[in-house]
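# Chains, contacts and geometry: an overview
In case you want the letters, here they are:
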Amino acid sequence: MLISVVIPCYYSEKTIRKVVELVMAEFEKNDGYECEFVLVNDGSTDHTFEEIQKLGAQYPNVCGVNLMRNFGQHNALMAALHYAKGDYVLGMDDDLQTHPSQMFKLIHKIEEGYDLVYGVYPQKKNSWMKNLTSKINEVTSRVMLNRPREIVSSNFWIITRAVQKEVIKYDSFNPYIDGIFYRVTHRIGNVPVEHFKREVGTSGYTLKKLINLWLRYWNFSVIPLRISFFLGLFSGLAGVIIAVIIVVNKIIYPDVPVGWSSTLCVMVVLFGLVLMVLGVIGEYLGKIILILNNTPQYIVRETINSDAAASEKVRTLIRAAAGEAAAATEEEPEKL
């Protein structure tokens, strides 16, 4: 069985070799499995792609993809999925937090009949800020992306070939991998894995990038528009109720002056609400315009061993077919 390991690489020149070699060591311990790598350099300006080139020259099962600029982690994953040839596709990070020693927990779990399996971390080795944003994403994804309540997502996952074929049909410029997964299947499993500390550097996700990542949820949901509708409905009803109260109060107490400050506060709140709703609508319209303008999901500058990766899959199939033929030959005399 061939497992494609897809890794988006961003300033990982000091770690990517160790990740690849640790993964290979794990596969050497488990008979019946072979691996290929699809390493996507997502616009790193250090020596990340040079290191990928060295790995490709040393190992024929390492496919390298160099993008023309930084498109983002999920765009890089989409690029990697187009080059993966395995029976299963396993996604992991380049910083050893998703550690190779845990990967066969996911592989054995998906063999139970799941389409998608996430590795979940009982104890995370992130900062409190990263854990907080992860919790917000967990709640938001359940509401907006229709994620099953009992499922916890992570950046350590494995999917079947069938799911991969459906995922790569998505060609929008602004993908969110988990959102696409949930659209394809709900046969999803979790398996506990150990979370390791980052060995080198810090996370590439700034506050701005985290917000942009969260806004990608909107590609897969109209919930924000519905929230805007109900906010507008609530605001309108509240305005009618307040108007009735003011009229009744004026009739009962004709000497009470109408306050300018209260009127100003109501106007500020209502206009703020209107601008917020317009902002939500504008976000959707902006994405529609970018899609109509054929904004690219990713652009490949060059590849390493992309044909070799396909050849490795062919060799694997040939070996499997040869084994089956040999077994059939041995059984034939007994049948006679």
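Look above for the structure.
To keep things clear, this report deals only with the structure shown in the data block. Model, not experiment: these values are computed from the prediction. Numbering of residues begins from 1 in every chain and follows the order in which that chain's sequence is written. With pLDDT at 70 or above as the cut-off, local features in this predicted model cover only qualifying residues; side-chain atom pairs require 80 or more to be listed or tallied, and sums for whole chains, interfaces and linings still use all residues. Excluding hydrogens and water, the side-chain values take into account all heavy atoms of the structure.

In this section: unusual backbone geometry. Only a minority of non-glycine residues have a phi that is not negative, and only a minority of peptide bonds are not trans. Despite not being glycine, Tyr11 shows a phi value in the positive range, around 55°. Runs of H or I in DSSP of at least four residues are treated as helices and runs of E of at least two as strands, each being numbered from the N terminus. Inspection of the secondary structure assignment puts Tyr11 in the loop between β1 (2-9) and α1 (16-29).

Along the polypeptide, Phe104 turns up in helix α4 (residues 103-110). Per-residue accessibility, obtained with a 1.4 Å probe over protein chains only, is compared with the maximum for each type, and a residue is labelled buried under 20%, exposed over 50%, and partly exposed between these values. Assessed through its relative accessible area of 7%, Phe104 is described here as buried. Note: C-alpha distance between Phe104 and Asn30 (74 residues apart in sequence) is 8.8 Å. Contact definition: two residues touch when any of their heavy atoms are within 4.5 Å. Excluding its chain neighbours within four sequence positions, the residues that come into contact with Phe104 are Glu26, Phe27, Asn30 and Tyr33.

Right, let's get into the packing of α1 against α4. To get an axis, fit a line to the C-alpha atoms, keeping to the stretch in contact for a helix; angles then go from 0 to 180 degrees between the N-to-C directions. In the contact formed by α1 and α4, the axes pass within 10 Å of each other and the chain directions differ by 50°. Accordingly, the angle class assigned to the pair α1 and α4 is oblique. Within the contact between the two elements, α1 uses Val23, Glu26 and Phe27 and α4 uses Met103, Phe104 and Ile107. In terms of residue class, the contact of α1 with α4 is built from five nonpolar, no polar and one charged. Any angle that falls under 35 degrees is termed roughly parallel, while one over 145 is termed roughly antiparallel, one within 65 to 115 roughly perpendicular, and all others oblique. Under the grouping applied here, Gly and all other residues not named as nonpolar or charged are polar, the nonpolar ones being Ala, Val, Leu, Ile, Met, Phe, Trp, Tyr, Cys and Pro and the charged ones Asp, Glu, Lys and Arg.

Here we come to the pattern of salt bridges. The term salt bridge refers to a side-chain nitrogen of Lys or Arg lying within 4 Å of a carboxyl oxygen of Asp or Glu. With the rule as written, the count across this model stands at five salt bridges. With its nearest N and O atoms 3.1 Å apart, the salt bridge here joins Glu21 to Arg17. One end of the pair, Glu21, and the other, Arg17, are both in helix α1, four residues apart, so they sit about a helical turn from each other. The class for Glu21 is partly exposed, based on a relative accessible area of 33%. What makes Arg17 partly exposed here is its relative accessible area of 23%. A salt bridge links Lys169 to Glu166, with the nearest nitrogen and oxygen atoms 3.0 Å apart. On the accessibility criterion, Lys169 (56% relative accessible area) is exposed. A relative accessible area of 37% means that Glu166 is categorised as partly exposed. Beyond isolated ion pairs, a larger network of salt bridges with shared partners links Arg17, Glu21 and Glu51.

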